[in-house]
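Summary of structural features
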Amino acid sequence: MIRYNVKARLAKDLGTDEFTLEEFEKEFCNDSPIQSRKEAYDYYTSVIDIIGEGANDIDSILKHIRNKGGSKSIKLGTNIIKIPSNTENLGIGIYLISDKNEGIFKKDQEYLIIGYNESINYLTIARNLEEEISIYKKQKWETQDWTINIKYYNYQFNEGDEYIIEPNVLWTPFDFWEHHNPTLAEDDFPIKTEPIIEDHSVLHEVIKQGENRNLEFKSTLRYCIKKKLPQDFIEKSILKTITAFANTGGGTLLIGVDDNGKVLGLDNDYKTLKNKDKFSQHFDNLLKSSFTEPIDALLNFGFEEINSQEVFMVIVDSSSKPRFLKYKNEGKEFYIRRAASSHSLDIEESYQYIIDKWHA
């Protein structure tokens, strides 16, 4: 059996550097899952009516959260540390909870299906909705025709995958396509393809330095040369490096160059991403979906040519505040540079590093 939990976590700005968190939740469970869902939705909309002045869409929720959010901090001894808003999981929504493992749903864990949470992207919600209706079909539960066809853009697609998905799911008020589709990418994240440096002899000199605290080489953006197919861990290694550079002293990332400084080019990535434009779009989508807050202002990137091969250069500025990586459904992670590699810090280490770097 599954149940539904309406849950909210909102930050109330006190007008100073301090804030309080407003939290509440209410669970709905009876013999009819679809009836539980409808009762949860009625309660959810009644809450939105109060905080959103009668509106029930995602923009009203976002406006309310942002208006009440402000900058947040945690206090460690006499030190106050500013942290990204996402780390408090602000939002309000309906969560599905299963009493046993069902597909992607783990027993007694919460999965957002309607609403908004700063730490959960729209692709995860869409997939939760698809999994939800598959359980209804498997268990032959009544849906009372409370379904809808949605359309969304799968920015994590691999070669051969469909990237525009149009499933039938249990009812949701959210228009995925209106808020997230390829036509919005250029406005939200302009694709920068112009070369960063004009004299490519400079690039030769950069590569000759070898990897160090401020310079990292990566053979590909996502293609695993050993397995000969795209792999998530390759993508994540790129994002780890960007995060670590931002949290340390900045740095330069060259994609298409192996660890020994040999220029490989980008042909392996082009095979799976079709062309240079798709490469740029995929990189933009990774930036959009993998950080707890936008990091674009710290980056300058573009294609460069060396030895008749293309490489992708990413220059990362040092951040004025902590930056956290959140890749796909994994938890938040904090990385820094040490010598010539990126290292993850645990919670205690992260807090101490943040104090030393930004609040000492």
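Preceding this section is the structure that the text describes.
What comes next is a walk through the structure. All of these numbers come straight from a predicted model, not from anything done at the bench. (Residues numbered from 1 in each chain as written. Predicted model: local features only at pLDDT ≥ 70, side-chain atom pairs only at ≥ 80, totals over all residues. Heavy atoms only, no water.)

1. A few points about the overall build of the protein chain
Helix and strand counts for the protein chain come out as 10 helices and 18 strands. A burial count over the protein chain gives 50% of its 360 residues as buried. Taking all contacts inside the protein chain whose residues are at least 6 apart in sequence as the whole, residues at least 24 apart take part in 66%. Total accessible area on the protein chain is roughly 17600 Å²; 46% of this is exposed by carbon and sulfur atoms. (Helix = DSSP H or I, 4+ residues; strand = E, 2+ residues; numbered from the N terminus. Buried < 20%, exposed > 50% of the residue type's maximum accessible area, 1.4 Å probe, protein only. Contact = heavy atoms within 4.5 Å. Areas by Shrake-Rupley, 256 points an atom, 1.4 Å probe, with all protein chains shown as cover.)

2. Some words on the pairing of strand E15 (residues 299-306)
Within E15, 6 of the 8 residues are buried, which leaves it mostly tucked inside the rest of the structure. Of the strand pairs in this sheet, E15 and strand E16 (residues 309-316) are connected by 8 bridges, and their pairing is antiparallel. Within the sheet, the bridge partner assigned to Glu305 lies in E16 and is Glu310. Linking E15 to E16, which pair antiparallel, is a turn of 2 residues; within it Asn307 sits at a positive phi near 55°. (Pairing = 2+ DSSP bridges.)

3. Points about the environment of Gly251
With respect to the helices and strands, the residue Gly251 is situated in strand E14 (residues 251-255). The exposure class assigned to Gly251 is buried, which follows from its relative accessible area of 10%. For the pair Gly251 and Asn214, spaced 37 residues apart in sequence, the C-alpha to C-alpha distance is 4.2 Å. Once residues within four sequence positions are removed from consideration, Gly251 is found in contact with Asn214, Phe245, Val314, Ile315 and Val316.

4. Quick word on the sheet that holds E16
Read across the open sheet, the 4 strands follow the order E11-E14-E16-E15; overall the sheet is mixed. Each of the sheet's edge strands pairs with one partner strand only, and the pair in question is strand E11 (215-218) and E15. On average, adjacent strands in this sheet sit at an angle of 20° to one another, irrespective of strand direction. Looking at chain direction, E11 and E14 are connected through 4 bridges and run parallel. Bridge assignment links Phe217 to a residue of E14, and that residue is Leu254. Set on the sheet, helix H7 (residues 232-247) makes contact with E11, E14, E15 and E16; between it and E14 the angle comes to about 165°. Across the sheet, helix H9 (residues 276-289) touches E14, E15 and E16, and the angle it forms with E15 is around 155°. (Axes fitted to C-alpha atoms, helices over the stretch in contact; angles between N-to-C directions.)

5. Here's the deal with the nonpolar core
Core analysis: the largest hydrophobic core is formed by 36 residues, its most contacted members being Tyr4, Tyr44, Ile94, Ile113, Tyr122, Tyr152 and Phe176. At the level of secondary structure, the elements contributing two or more residues to this core comprise strand E1 (2-13), helix H1 (33-51), strand E5 (91-98), strand E6 (110-117), helix H3 (122-139), strand E8 (152-153) and strand E10 (168-170). Broken down by element, the residue count for this core peaks at 8 residues, all from H3. Formed by 28 residues, the second largest nonpolar core is a distinct cluster that contains Leu239, Ile242, Ile295 and Val314. (Core = buried A, V, L, I, M, F, W, Y, C linked by side-chain atoms within 4.5 Å.)

6. Notes on the packing of aromatic side chains
What the rule picks out here adds up to 19 aromatic pairs. Summarising the aromatic geometry, the rings of Phe301 and Phe312 are spaced 5.8 Å apart at their centres and angled 45° between planes, so their arrangement reads as tilted. Of the two residues, Phe301 sits in strand E15 while Phe312 sits in strand E16, which places them 11 residues apart along the sequence. Here Phe301 falls in the buried class, since its relative accessible area comes to 5%. Of the residues examined, Phe312 reaches a relative accessible area of 1% and is grouped as buried. Every member of this aromatic cluster is reached through a ring pair, and the members are Tyr270, Phe279, Phe283, Phe301, Phe303 and Phe312. Over the aromatic face of Tyr43 sits the side chain of Lys26, whose NZ or CZ is 4.9 Å from the ring centroid. (Phe/Tyr/Trp six-rings, centres within 6.5 Å; stacked < 30°, edge-to-face > 60°. Lys NZ or Arg CZ within 6 Å of the ring centre and 35° of its normal.)

7. Here we look at unusual backbone geometry
Most of the time, phi is negative for any residue but glycine, and the peptide bond is trans. Phi angles above zero are rare outside glycine, and Gln144 is one such case at about 55°. Relative to the helices and strands, Gln144 resides in the loop between H3 and strand E7 (147-149). A relative accessible area of 35% places Gln144 in the partly exposed class.

8. Topic: the packing of H7 against H9
Helix-helix packing: each pair is described by the crossing angle between the helix axes and the interaxial distance. The contact between H7 and H9 brings their axes to 11 Å, and the two run at 60°. By the angle between their directions, the pair H7 and H9 is classed as oblique. The element H7 and its partner H9 pack so that their crossing is right-handed. On H9, the residues touching Glu235, Ile238, Leu239 and Ile242 of H7 are His282, Phe283, Leu286 and Leu287. In the contact of H7 with H9, the residues fall into 6 nonpolar, 1 polar and 1 charged. (Parallel < 35°, antiparallel > 145°, perpendicular 65-115°, else oblique. Left-handed = near helix turned anticlockwise from the far one by under 90°. Nonpolar A, V, L, I, M, F, W, Y, C, P; charged D, E, K, R; others polar.)

9. Looking at H9
For an α-helix the count is 3.6 residues per turn, leaving residues at separations of three or four pointing the same way. Here H9 is 14 residues long and its end C-alpha atoms lie 20 Å apart, about the 20 Å a rise of 1.5 Å per residue gives. Buried residues of H9: Phe279, Ser280, Gln281, His282, Phe283, Asp284, Asn285, Leu286, Leu287 and Ser289, and no others. With a side-chain oxygen positioned 3.1 Å from the backbone nitrogen of Asp277, the residue opening H9 is Asn275. (Expected span 1.5 Å × (residues − 1). Polar contact = N/O pair within 3.5 Å; in protein donor to acceptor, adjacent residues only side chain to side chain.)

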